[in-house]
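# Architecture at a glance
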Amino acid sequence: MTRAEEPETKMLWLLVLTLPCLGGSVPVTSDPGPGTELVGIMGGHDAADGAWPWQVGLWFFDPTRSKWSLECGGSLIHPQWVLTAAHCIPGRNPVTQHLKVQLGGLRPSYSDSVQVARIIRHPKFRLEKKAEGGADVALLKLEAPVGPSNLVRWIRLPPASLSFPPGTRCWVTGWGDVAPGEPLPPPYNLQEVEVPIVADEICRQQYLRIDKVIQDDELCAGSRERDSCQSDSGGPLVCKWRGTWVQVGVVSWGESCGLADFPGVYARVTSFLPWIRGHIHSSP
Ligand code: 4AZ
């Protein structure tokens, strides 16, 4: 899960910075063109400043290690609300003090993160089933409204009736693994990759072969070597619709990453619109 950490002291940070090749072996260079580079989300490349201004990073405090680390993504859907995956939030009774939201940065930066006032997991999410049980969405209310600016902006939610045909090319972003078990290497630039929407029925059949069930509130996207991966969880899957970006999915789970027969599984945003709107409107 761990993507980046905030060491307790500046000294430790300096030490980490000076240690070569810690945690990654693939240097990030300029984009050599689609399909060839080793850096990813998986099969992706460096995102440009301000390209995905709704992308946020979730920093969690681990009390046993006394450390903050960037573990998940999320998206700003309103000046004061973030949409993420329920499975990103640990424990039965999560405490807001152990979570911070990074806004508007391409690189992990704990110091650019803001506090959270409320954590709301979807009531149908089952902790014991984790992401695979469905309803893998959570809302975070920020302590104060933010933005908009060039680097921070919210993403539109789709109308309830909107669905994209299989093959539609959408984008997913995050600081997650570039291959299964392989963390994003320094300098940890946010990654983007274009992924095709996969037909519900095809995805369902593919996962049934390994006895996994795709729920109605989930959708699939991705292709061989183009996928989200561990620690991208909670991040947005967005598609262009009538000239604007809308958030169609929330990174949830999948069988490994980048496998041709097992696309990434996303919480289907249209399934949760009433729940999302209910909270945002009743808690201004
Ligand atoms: C994860 O473990 C995870 N390939 C996220 C996304 C995918 C697989 C695993 C999709 O957080």
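Everything in this summary refers to the structure shown in the same document. Computed from a predicted structure; not experimentally measured.

## Overview of the site of the ligand
The environment of the ligand is made up of D227, S228, C229, Q230, S231, S233, V251, W253, G254, S256, C257 and G264. With respect to the ligand, the side chain of D227 contributes an N or O atom lying 2.7 Å from a nitrogen atom. Taking S228, its main chain carries an N or O atom lying 2.8 Å from a nitrogen atom of the ligand. Protein burial of the ligand: of its 300 Å² of free accessible surface, 87% is covered by the chains. Within the shell around the ligand, the residues separate by chemical class into four nonpolar, seven polar and one charged.

## Quick word on helix α2 (residues 200-208)
For α2, the complete set of buried residues consists of C203, Q206 and Y207. An end-on view of α2 places all buried positions within 90 degrees of arc, on one side of the element. Looking at the buried residues of α2, the elements they touch are β10 (191-198), β11 (218-221), β13 (244-253) and β14 (264-268).

## So, the state of the cysteines
Put plainly, two cysteines are in a disulfide when a covalent bond ties their sulfur atoms together. Throughout the structure, instances matching the rule amount to four disulfides. Residue C72 pairs covalently with C88 via a disulfide, S to S 2.1 Å. Torsion about the S-S bond of the C72 and C88 cystine: about -90 degrees, corresponding to left-handed handedness. Taken together, the residues C72 in strand β4 (residues 67-78) and C88 in the loop between β5 (81-84) and β6 (99-103) connect sequence positions 16 residues apart. Each disulfide in the protein chain links cysteines that, numbered along the sequence, combine into the pattern 1-2, 3-7, 4-5, 6-8.

## Some remarks on the pattern of salt bridges
Enumeration according to the criterion identifies nine salt bridges in this entry. Two residues, D62 and R65, come together in a salt bridge whose shortest N-O distance is 3.7 Å. Relative accessible area serves as the criterion here: at 23%, D62 is assigned to the partly exposed category. We note a salt bridge from D200 to R268, for which the minimum N-O separation is 3.0 Å. Of this pair, D200 sits in helix α2 while R268 sits in strand β14; the two residues are 68 residues apart in sequence, bridging distant segments of the chain. The class for R268 is buried, based on a relative accessible area of 17%. Within the structure, one salt-bridge network assembled from shared partners comprises E132, K212 and E255.

## Quick word on the pairing of β10
With seven of eight residues buried, β10 lies mostly within the body of the structure. Note that strand β2 (residues 45-46) and β10 share two bridges and pair antiparallel. Bridge pairing links D46 to Q191 in β10. As paired elements, strand β9 (residues 169-174) and β10 share six bridges and run antiparallel to each other. Residue W171 lies in a different strand from β10, and its bridge partner there is E194. Where β10 lies against β11, two bridges are found, and the strand directions are antiparallel. Note on β11: the bridge partner recorded for V198 is C220.

Quick notes on the rules
- Residues numbered from 1 in each chain as written.
- Predicted model: local features only at pLDDT ≥ 70, side-chain atom pairs only at ≥ 80, totals over all residues.
- Heavy atoms only, no water.
- Near = heavy atom within 4 Å.
- Polar contact = N/O pair within 3.5 Å; in protein donor to acceptor, adjacent residues only side chain to side chain.
- Areas by Shrake-Rupley, 256 points an atom, 1.4 Å probe, with all protein chains shown as cover.
- Nonpolar A, V, L, I, M, F, W, Y, C, P; charged D, E, K, R; others polar.
- Buried < 20%, exposed > 50% of the residue type's maximum accessible area, 1.4 Å probe, protein only.
- Helix = DSSP H or I, 4+ residues; strand = E, 2+ residues; numbered from the N terminus.
- Arc of directions from axis to C-beta.
- Contact = heavy atoms within 4.5 Å.
- Disulfide = S-S within 2.5 Å.
- Salt bridge = Lys/Arg side-chain N within 4 Å of Asp/Glu carboxyl O.
- Pairing = 2+ DSSP bridges.

The analysis is restricted to geometry; functional conclusions fall outside its scope.
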